[in-house]
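# Observations on chain architecture
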Amino acid sequence: LAVATVLEAVAYKVPWLDHLLDLLASPAAVLAGALAVAAVVTDLPPLLRFAVAVVGGGGAAALVQGATVLARLKSTAITGGLANPLVALVELFGSIVTSVLALLVPFFLLVFLAALLGGLLFLILRPKKGARA
């Protein structure tokens, strides 16, 4: 755990290592999301439980991980990796806020995540200034 923590902290400062870890973490995030949902929805029939876990948990994790990877990729392309530590700080803050909201107010967490995802997608997919549509 200590080695992984140090590697993750160092990776925020080295863009190619950061992207390599993102590449490795993406499938793990999807699997973890699916397993987390499967562990919670135990009262459903097996086939429905599997579908909810894969689509709900795995899909949500893939969306969040994909948005993170795209944000870091865009940050590296624009700033040469200099803004990646700031992106990591925003990720950390988002994780803390999400965890607190999940414990205190689950409904508002869904609203927060939808707004966050919408904002990230807007920032990532918006056309460049001066670009023709």
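Before reading further, recall that the structure is shown in the block above.
### Some thoughts on the overall build of the chain
- Helix and strand content of the chain: five helices and zero strands.
- In sequence order, the secondary structure elements of the chain are arranged as α-α-α-α-α.
- Taken over the C-alpha atoms alone, the chain extends approximately 50 × 45 × 30 Å along its principal axes.
- Burial statistics for the chain: of 133 residues in total, 20% are counted as buried.
- Sequence separation of at least 24 residues holds for 52% of the intrachain contacts in the chain that already meet a minimum separation of 6.
- On the chain, roughly 9,200 Å² of surface is accessible, and the fraction owed to carbon and sulfur atoms is 81%.
- Considering the chain, the positive charge centre built from 8 side chains and the negative charge centre built from 5 side chains are found 16 Å apart.

### Topic: the pattern of salt bridges
- Applying the stated criterion to the full structure yields three salt bridges.
- The salt bridge involving Asp22 is made with Arg72; its shortest N-O contact spans 3.2 Å. Taken together, the residues Asp22 in helix α2 (residues 15–40) and Arg72 in helix α3 (residues 46–79) connect sequence positions 50 residues apart.
- When its relative accessible area of 7% is taken as the criterion, Asp22 is described as buried.
- Classification of Arg72 as buried rests on a relative accessible area of 1%.
- Salt bridges sharing common partners tie together Asp18, Asp22, Arg72 and Glu91.

Rules used in this analysis
Residues numbered from 1 in each chain as written. Predicted model: local features only at pLDDT ≥ 70, side-chain atom pairs only at ≥ 80, totals over all residues. Heavy atoms only, no water. Helix = DSSP H or I, 4+ residues; strand = E, 2+ residues; numbered from the N terminus. Buried < 20%, exposed > 50% of the residue type's maximum accessible area, 1.4 Å probe, protein only. Contact = heavy atoms within 4.5 Å. Areas by Shrake-Rupley, 256 points an atom, 1.4 Å probe, with all protein chains shown as cover. Lys, Arg positive; Asp, Glu negative; His and termini not counted. Charge placed at Lys NZ, Arg CZ, Asp CG, Glu CD. Salt bridge = Lys/Arg side-chain N within 4 Å of Asp/Glu carboxyl O.

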